[in-house]
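Each chain, written out:
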Amino acid sequence: MSRAFVKEQDGDLSPEELPDRPVSPHRNLVTPEGLAQLRDLLARTRKELAELRLQDGEGAEASLENRTVQAQLARDLRYYEARLQSAELQDPKIVPGNSVAFGAWLLLVDEDDTEYRYRIVGEDEADPQQGLISYRSPLAMAAMDAEVGDLVRWPRPTGTLELELVALSYDGPAKE
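Quick look at the structure, then. In this text, all values refer to a predicted model and were calculated from it rather than measured experimentally.

Calculation criteria
- Residues numbered from 1 in each chain as written.
- Predicted model: local features only at pLDDT ≥ 70, side-chain atom pairs only at ≥ 80, totals over all residues.
- Heavy atoms only, no water.
- Helix = DSSP H or I, 4+ residues; strand = E, 2+ residues; numbered from the N terminus.
- Buried < 20%, exposed > 50% of the residue type's maximum accessible area, 1.4 Å probe, protein only.
- Areas by Shrake-Rupley, 256 points an atom, 1.4 Å probe, with all protein chains shown as cover.
- Pairing = 2+ DSSP bridges.
- Axes fitted to C-alpha atoms, helices over the stretch in contact; angles between N-to-C directions.
- Core = buried A, V, L, I, M, F, W, Y, C linked by side-chain atoms within 4.5 Å.
- Contact = heavy atoms within 4.5 Å.
- 1 Å grid on protein atoms, 1.4 Å probe; cavity = no way out; pocket = protein on both sides within 12 Å on 5 of 7 lines; lining within 4 Å.
- Points joined across faces, edges and corners; volume = space filled by probe spheres on them.
- Nonpolar A, V, L, I, M, F, W, Y, C, P; charged D, E, K, R; others polar.

Once that is clear, we can look at the overall build of the chain. Counting secondary structure elements, the chain contains three helices and seven strands. Burial status across the chain gives 35% buried among its 176 residues. Accessible surface, the chain: about 11200 Å² in total, of which carbon and sulfur atoms supply 49%.

Structure, rendered in structure tokens:
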């Protein structure tokens, strides 16, 4: 049969060929909570993958859907293993001085007295909706080394916002 009549997959990857998740080129700084979170994700992913392989088999006998899920879990497993291997634990409780550093809890206020509460954490544990920002985020980078009373210029797509650092803590959420 001529190759002209063979249906190609148009570049689609088979489930077994999923590309690895991109790994950040930056240092993999983690808080103690972030390290525990990575370990938990690795353990859960290993368990899920093992259960799925036992349940429906692997290779040719597994359904396409099952093979796809197995490939996604295997990709996640490789990612979590790489992130754990490169993790650099930073204990915020041993940070000297009174300036902003990794692991700090910040309370910032703008000119309208709107409060912004964040903790500076590793890239994998960042969740801005929960008040956790990556140490590589524009706000965290702008706040580094600031002390209570300093103004922090937060570059944002909508324009730079000037905030005052009103409280800083390494023991828990910063309070005024």
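A sheet is described by the order of its strands in space; here five strands give the open sequence E5-E4-E3-E7-E6, paired in mixed fashion. Looking along the sheet, the strands with just one partner apiece sit at the ends: strand E5 (132-134) and strand E6 (151-154). Here the strands of the sheet are splayed against their neighbours by 45° on average, with no regard to which way each runs. Pairing of strand E3 (residues 105-109) with strand E4 (residues 115-121), which is carried by five bridges, proceeds in the antiparallel orientation. Counterpart to Leu 107 in the pairing with E4 is Arg 117.

A few words now on the nonpolar core. If you look at the biggest cluster of nonpolar residues, it comprises 21 residues, and the most contacted ones within it are Val 100, Leu 106, Leu 108, Ile 120 and Leu 139. Of all the secondary-structure elements, those providing two or more residues to this core are E3, E4, helix H3 (138-143), E6 and strand E7 (161-169). With residues up to four places along the chain from it excluded, the contact list for Ile 120 reads Val 100, Ala 101, Phe 102, Gly 103, Ala 104, Leu 106, Ile 133, Tyr 135, Ala 140 and Met 144. With 11 residues, the next largest nonpolar core counts Leu 35, Ala 74, Leu 77 and Tyr 79 among its residues.

Enumeration over the complete set of coordinates arrives at one cavity of 30 Å³ or more. One number sums up the size of the largest cavity: a volume of about 40 Å³. For the lining of the largest cavity, the element with the most residues is helix H1 (residues 32-56), which contributes three residues. Tallied by class, residues from the lining of the largest cavity come to two nonpolar, three polar and two charged.

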